[in-house]
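# Understanding the architecture of this molecule
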Amino acid sequence: MAEQTHVLFVEDDDVIREATQLALERDGFAVTAMPDGLAGLEAFRADRPDIALLDVMVPGLDGVSLCRRIRDESTVPVIMLSARADSIDVVLGLEAGADDYVTKPFDGAVLVARIRAVLRRFGHAGGPGSPAPAGEEGAPGDGGVLHFGDLEIDTEGMEVRRGGEHVALTPTEMRLLLEFSSAPGTVLSRDKLLERVWDYGWGGDTRVVDVHVQRLRTKVGQDRIETVRGFGYKLKA
């Protein structure tokens, strides 16, 4: 029997926590459910789950702070749960390192689909596009290494270096960078990035893209990824 995917679920509302845990378990997930952020952090460190679902407003240690603590220690995927789609907490959660968010109240099937989409992209983070022709900027060198100025992207080893120094990226950030590097100089719309990187087969919140692009810029260089107003983003070749 295949090993179950282990979900850490942090939610202070007893009804939502118990109902969601049962729904996830029916779909084959192993679930550790905790009522507050401090208990969630202890469970994360003890169990090392495959994915974390964190409600923004939980006592002890709020979901955004818990996400930061998890991200300091691990690249495990994190989905934030927020009661309001327009809440600043959504952006704060993404800036803290969350990979996605789901608005409450949520349909169980939507939550499961979002979890599986995140896990799929974490399971195979590489190669969304075709390599550039040999000899061009961005073309793979020895071992599949792409070069953009002082930025080096090892598409086989899944490593990034800037000025010879290792750059630590989350799997979502790595997929986003690979998507840009597969077509340097080509403008990619937010909707296209949602489809290719987040595996959204439906419309999604483009703030997810914007926040991840900004986080990526701080790591690979603010001027490396250019905003094309009204269209999207492109990697400078």
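Positions within a chain are numbered from 1, following the residues in the order the chain's sequence is written. Given that the model is predicted, a residue must reach a pLDDT of at least 70 before its local features are reported, and side-chain atom pairs must reach 80 or more before they are shown or counted; all residues, however, enter totals for whole chains, interfaces and linings. As a convention, hydrogens and water are excluded, and side-chain values are obtained from all of the structure's heavy atoms.

## Quick word on the pairing of strand 2 (residues 30-34)
Cut-off, in case you're wondering: Strand pairing is assigned whenever DSSP identifies at least 2 bridges connecting the two strands. Segments assigned H or I by DSSP are reported as helices when at least four residues long, segments assigned E as strands when at least two residues long, and all are numbered from the N terminus. Crossovers are marked right-handed if the path from the first strand over the helix to the second runs clockwise, as seen with the strands pointing away from the viewer.
Relative to strand 2, strand 1 (residues 6-10) runs parallel, the two sharing 5 bridges. Considered in strand 2, the bridge of Val10 is made with Met34. For the segment spanning strand 1, helix 1 (residues 14-26) and strand 2, crossover handedness is right-handed.

## Structural notes on the packing of helix 6 (residues 171-181) against helix 8 (residues 207-220)
Formally: Axes here refer to lines fitted to C-alpha atoms; in helices the fit is confined to the stretch in contact. Angles between the N-to-C directions go from 0 to 180 degrees. Angle categories: roughly parallel below 35 degrees, roughly antiparallel above 145, roughly perpendicular from 65 to 115, and oblique for all the rest. We call two residues in contact whenever any of their non-hydrogen atoms come within 4.5 Å of each other. Only Asp, Glu, Lys and Arg are considered charged, only Ala, Val, Leu, Ile, Met, Phe, Trp, Tyr, Cys and Pro nonpolar, and every remaining residue, Gly among them, polar.
Look at helix 6 against helix 8: their axes get within 10 Å of each other, and the N-to-C directions meet at 85°. By the angle class used here, helix 6 and helix 8 are roughly perpendicular. Residue-level inspection shows Thr172, Glu173, Leu176, Leu177 and Phe180 of helix 6 in contact with helix 8, the latter providing His212, Val213, Arg215, Leu216, Lys219 and Val220. Each residue belonging to the contact of helix 6 with helix 8 can be placed in one class, and the counts come to 6 nonpolar, 2 polar and 3 charged.

## Quick look at the confidence of the model for the chain
Let me state the cut-off plainly: The pLDDT value tells you how sure the predictor is about a given residue, anywhere from 0 up to 100.
Averaged over every residue, the pLDDT of the chain is 86; the share at 70 or more is 87%. Low pLDDT, under 50, characterises residues 124-137; the stretch is placed with 23 contacts to residues that sit more than four places away or in other chains.

## Remarks on the nonpolar core
Worth spelling out the cut-off: Put simply, a nonpolar core is a bunch of buried Ala, Val, Leu, Ile, Met, Phe, Trp, Tyr and Cys residues held in one set by side-chain atoms that sit within 4.5 Å of each other. Accessibility here uses a 1.4 Å probe with only protein chains present; expressed as a share of the type maximum, an area under 20% marks a residue as buried, one over 50% as exposed, and anything in between as partly exposed.
Core analysis: the largest hydrophobic core is formed by 50 residues, its most contacted members being Leu54, Met80, Ile153 and Phe180. It is helix 8 that provides the largest number of residues to this core, a total of 6 residues. Among the nonpolar cores identified, the runner-up in size contains 16 residues, and Phe9, Leu53, Leu111 and Phe122 belong to it.

## A few points about helix 3 (residues 63-73)
This is how it is decided: Note: the arc covers the axis-to-C-beta directions of the helix. For this analysis, a polar contact is any N or O atom pair within 3.5 Å, provided that within protein one partner can donate a hydrogen and the other can accept it, and provided that sequence-adjacent residues contribute only side-chain to side-chain pairs.
Three or more residues of helix 3 are buried, namely Gly63, Val64, Leu66, Cys67, Ile70 and Arg71. For helix 3, the buried positions fall inside an angular range of 160° around the axis, keeping them on one side. Two to three positions downstream of the cap, the backbone nitrogen of Val64 sits 3.0 Å from a side-chain oxygen, assigning the N-cap of helix 3 to Asp62.

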